[in-house]
Amino acid sequence: MPQNSEPSSSVIVETIRPARIGTRLVHPVLRTTLQQFLRAGAWVADLGPQPANLIFRATRLSEKPAAVLGKPRGVRREPLRFEHCDAEWLWQSPIPDPRVDRDAAILYFHGGAFIAGGLNSYRRHTARMAVLSELPVLTVDYRQLPDAHPNESLDDALAAYRHLLAEGFPPEQIIVAGDSAGGGLALRLALTLRELGLPLPVALSVTSPWADFDSTARLAHPNARYDAVLPALGPDMVVRRGIAVDGVLDPAWSVVNHDFTGLPPILLQVGSREMLLADALAVARNAEAAGVPLRLQVRPSAPHTLIHLGAGLLADGRDAARDAAEFHRAMIEGGQSGRSAA
């Protein structure tokens, strides 16, 4: 994993090689296709509560056709059901069956702004993570808007973590990970575990976390104009039409408004030109203020969601996936050493 750091800080900012041509070329493609589609959807949803409800439900429909993507050959899959949501294990031999060998695991929360994403659309990504990290991955299809508030998404995340503990997975052998909305959910879960006095995971691994529901800082950042995927007002629309209750946004729902004291080490990967860079930098500042070890990778020109999800197409995505896997293995090995010493 590439490194460059300031020794006096708990935050390590890593130097990443310049973006390859494929990563740079994907920007205009995404800006003229996916972003225009998302922009139109955000415009319609912002017309009122009923259009918002319609758009939020329509985005969920993409999960059914995504089932044709399947999983990579050789990867095993086992569905799981919690009280309010589905989940699934993914692993590949020689990784032991996590239903039998409860040694270590990654708990993963998908992205999608709390209105999209799920087990089908993320299966290839989480399967790749399992293979590269040499760990089983439990992915949670947490409840989303408009049927459930992110507070209920947090309840599902907590239920999944409690399940791992109840099954006998040691907390020092659990990594909690996620991207975008799921990255923010992973951080919020860690804060909740701390407040509840529950054992914390050994590490957090987040990509482009949506960590601040207040859009002020994000819209003021230059990347609000340069993001190739997210329309500038897209996240703000989701907040106003779905997350805010009676027009009120509780600051406690945003990860960046919390003290990070006591959180485990964090890997944070984000693109240099994406809008959620503002959120990522705020997370890094919180970690530094609390003395929490955090590795920050600002990947040149990497578009939102394609840092890892594009690993099948982009060499830079494969680099990011390998870096994350290296971090996961190192954290688990460190947790094992701690258990042996104890």
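No experiment lies behind these values; they were computed from the predicted model shown. (Residues numbered from 1 in each chain as written. Predicted model: local features only at pLDDT ≥ 70, side-chain atom pairs only at ≥ 80, totals over all residues. Heavy atoms only, no water.)

Trainee: Describe the overall build of the protein chain, naming the residues involved and giving the relevant values.
Mentor: When helices and strands are counted, the protein chain shows 11 helices and nine strands. The globule rule puts the C-alpha radius of gyration for 342 residues at 20 Å, and the 19 Å found for the protein chain is close to it. Reported as C-alpha extents along the three principal axes, the dimensions of the protein chain are approximately 60 × 45 × 40 Å. Buried residues in the protein chain amount to 53% of all 342 residues. Within the protein chain, residue pairs in contact and separated by at least 24 positions form 78% of the contacts whose partners lie at least 6 positions apart. On the protein chain, roughly 14400 Å² of surface is accessible, and the fraction owed to carbon and sulfur atoms is 57%. The distance from the centre of the 34 positive side-chain charges to the centre of the 36 negative ones in the protein chain is 7 Å. (Helix = DSSP H or I, 4+ residues; strand = E, 2+ residues; numbered from the N terminus. Rg over C-alpha atoms; globule rule 2.2 N^0.38 Å. Buried < 20%, exposed > 50% of the residue type's maximum accessible area, 1.4 Å probe, protein only. Contact = heavy atoms within 4.5 Å. Areas by Shrake-Rupley, 256 points an atom, 1.4 Å probe, with all protein chains shown as cover. Lys, Arg positive; Asp, Glu negative; His and termini not counted. Charge placed at Lys NZ, Arg CZ, Asp CG, Glu CD.)

Trainee: If you had to explain the packing of aromatic side chains to someone new, which residues and values would you point to?
Mentor: Scanning the model with the defined rule gives seven aromatic pairs in all. Seen from their ring centres, Tyr108 and Tyr122 are 6.3 Å apart, and the 40 degrees between their planes marks the pair as tilted. Separated by 14 residues along the polypeptide, Tyr108 in strand β4 (residues 105-109) and Tyr122 in helix α4 (residues 119-133) bring together distant segments of the chain. For the ring pair Phe114 and Phe213, a centre distance of 6.1 Å and an interplane angle of 70 degrees mean the geometry is edge-to-face. Placement of Phe114 in the loop between β4 and α4 and of Phe213 in the loop between β7 (203-207) and α7 (216-220) is noted, with a sequence separation of 99 residues between them. The exposure classification of Phe114 matches that of Phe213, with both residues buried. The lysine or arginine in question, Arg225, covers the ring of Tyr226, its NZ or CZ lying 5.4 Å from the ring centre. (Phe/Tyr/Trp six-rings, centres within 6.5 Å; stacked < 30°, edge-to-face > 60°. Lys NZ or Arg CZ within 6 Å of the ring centre and 35° of its normal.)

Trainee: Before we move on, could you go through the nonpolar core and cite the residues and values that matter?
Mentor: Grouped together as the largest cluster of nonpolar side chains are 68 residues, with contacts concentrated most on Leu107, Phe109 and Leu189. Top contributing element to this core by residue count: helix α6 (residues 181-196), with eight residues. Residues within four places of Leu189 in sequence aside, it is in contact with Leu107, Phe109, Leu154, Ala157, Leu158, Tyr161 and Val176. Counting residues in hydrophobic clusters, the runner-up holds 16 residues, among them Tyr108, Leu135, Val137 and Leu267. (Core = buried A, V, L, I, M, F, W, Y, C linked by side-chain atoms within 4.5 Å.)

Trainee: Got a sec to walk through helix α1 (residues 21-32)? Specific residues and values, please.
Mentor: The set of residues buried in α1 consists of Thr23, Val26, His27 and Leu30. One side of α1 holds all its buried residues, which, seen down the axis, span an arc of 120 degrees. Seen from the buried face of α1, the exposed residues on the opposite side, beyond 90 degrees, are Ile21, Leu25 and Thr32. (Arc of directions from axis to C-beta.)

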